[in-house]
Amino acid sequence: QVQLVESGGGLVQAGGSLRLSCAASRSIFSINAMGWYRQVPGKQRELVAGFASGSSTNYADSVKGRFTISRDSTKNTVYLQMNSLKPEDTAVYYCNAEVVRGPGKYDYWGQGTQVTVSS
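Within each chain, residues carry numbers counting from 1 in the order of the written sequence. A pLDDT threshold of at least 70 governs which residues receive local features in this predicted model, and a stricter bar of 80 or more applies before side-chain atom pairs are shown or counted, although totals over entire chains, interfaces and linings include all residues. Remark: hydrogens and water are excluded; side-chain values derive from all non-hydrogen atoms of the structure.

1. Focus: the overall build of the protein
Per the secondary structure count, the protein includes 0 helices and 11 strands. The secondary structure elements of the protein, listed N-terminal to C-terminal, are β-β-β-β-β-β-β-β-β-β-β. Each radius of gyration reported is based on C-alpha atoms, and the globular scaling rule is 2.2 Å times the count of residues to the power 0.38. Scaling as 2.2 N^0.38, a compact globule of 119 residues should have a C-alpha radius of gyration of about 14 Å, and the protein matches this with 14 Å. When its C-alpha atoms are laid out on the principal axes, the protein stretches across 45 × 30 × 25 Å. Classification of residues uses two cut-offs on accessible area relative to the type maximum, computed with a 1.4 Å probe and protein chains only: under 20% is buried, over 50% is exposed, and between them is partly exposed. Among the 119 residues that make up the protein, the fraction classed as buried is 40%. Contacts were defined at the residue level, with two residues in contact if any of their heavy atoms lie within 4.5 Å. Within the protein, contacts between residues at least 6 apart in sequence are counted, and of these 54% link residues at least 24 apart. Comment: elements are numbered from the N terminus, with helices defined as DSSP H or I runs of at least four residues and strands as E runs of at least two.

2. Examining the packing of aromatic side chains
Only the six-membered ring of Trp is used, alongside the rings of Phe and Tyr, when aromatic pairs are assigned; centres must lie within 6.5 Å, and planes under 30 degrees apart are stacked while those over 60 apart are edge-to-face, with the rest tilted. Evaluated as defined, the whole model comprises 2 aromatic pairs. With centroids separated by 6.5 Å and ring planes inclined at 90 degrees, the aromatic side chains of Y94 and W109 adopt a geometry described as edge-to-face. Linking Y94 in strand β9 (residues 91-101) with W109 in strand β10 (residues 104-109), this pair joins segments that are 15 residues apart in sequence. By relative accessible area, which is 36% here, W109 ends up partly exposed. Here the aromatic residues Y37, Y94 and W109 are joined through ring pairs into a cluster of three or more. Each ring is checked for a lysine NZ or an arginine CZ that lies within 6 Å of its centre and within 35 degrees of its normal; such an atom marks a charge sitting over the ring. Sitting over the ring of Y94, R45 keeps its end group 3.7 Å from the ring centre. The lysine or arginine in question, R45, covers the ring of W109, its NZ or CZ lying 4.5 Å from the ring centre.

3. Structural notes on the state of the cysteines
Note on terminology: pairs of cysteine sulfur atoms within 2.5 Å are recorded as disulfides. Considering all chains together, one arrives at 1 disulfide under this definition. There is a disulfide in this structure between C22 and C95, and the S-S distance comes to 2.0 Å. As the torsion about the S-S bond is roughly -80 degrees, the C22-C95 disulfide counts as left-handed. With C22 in strand β3 (residues 18-24) and C95 in strand β9, this pair connects stretches of sequence that are 73 residues apart. The two residues C22 and C95 agree in class, both being buried.

As structure tokens, then:
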């Protein structure tokens, strides 16, 4: 199992920046994949940015060039730097970890952190 604790959300004006943090309870190198998702009421949770196997990263088209995912293995923490924020970035942001155990893959989620971008 892995516990994920997010922090860093808040209220910001359009054009501003926020940095989200996701602290994992185990070494992030023991986790198959980690990423950030977001969800607004009435819509499905969507991938914002993620680390796949190795160091490869992927981003939603809507955030490319504005958001950057990074990690600090010494702190078992993954970050999401969000710049040039837009009102449409308003959502609850969730950290996700995918763990491989035997033949199965298991998803773990943080509690979510609210990001609100005012126009």
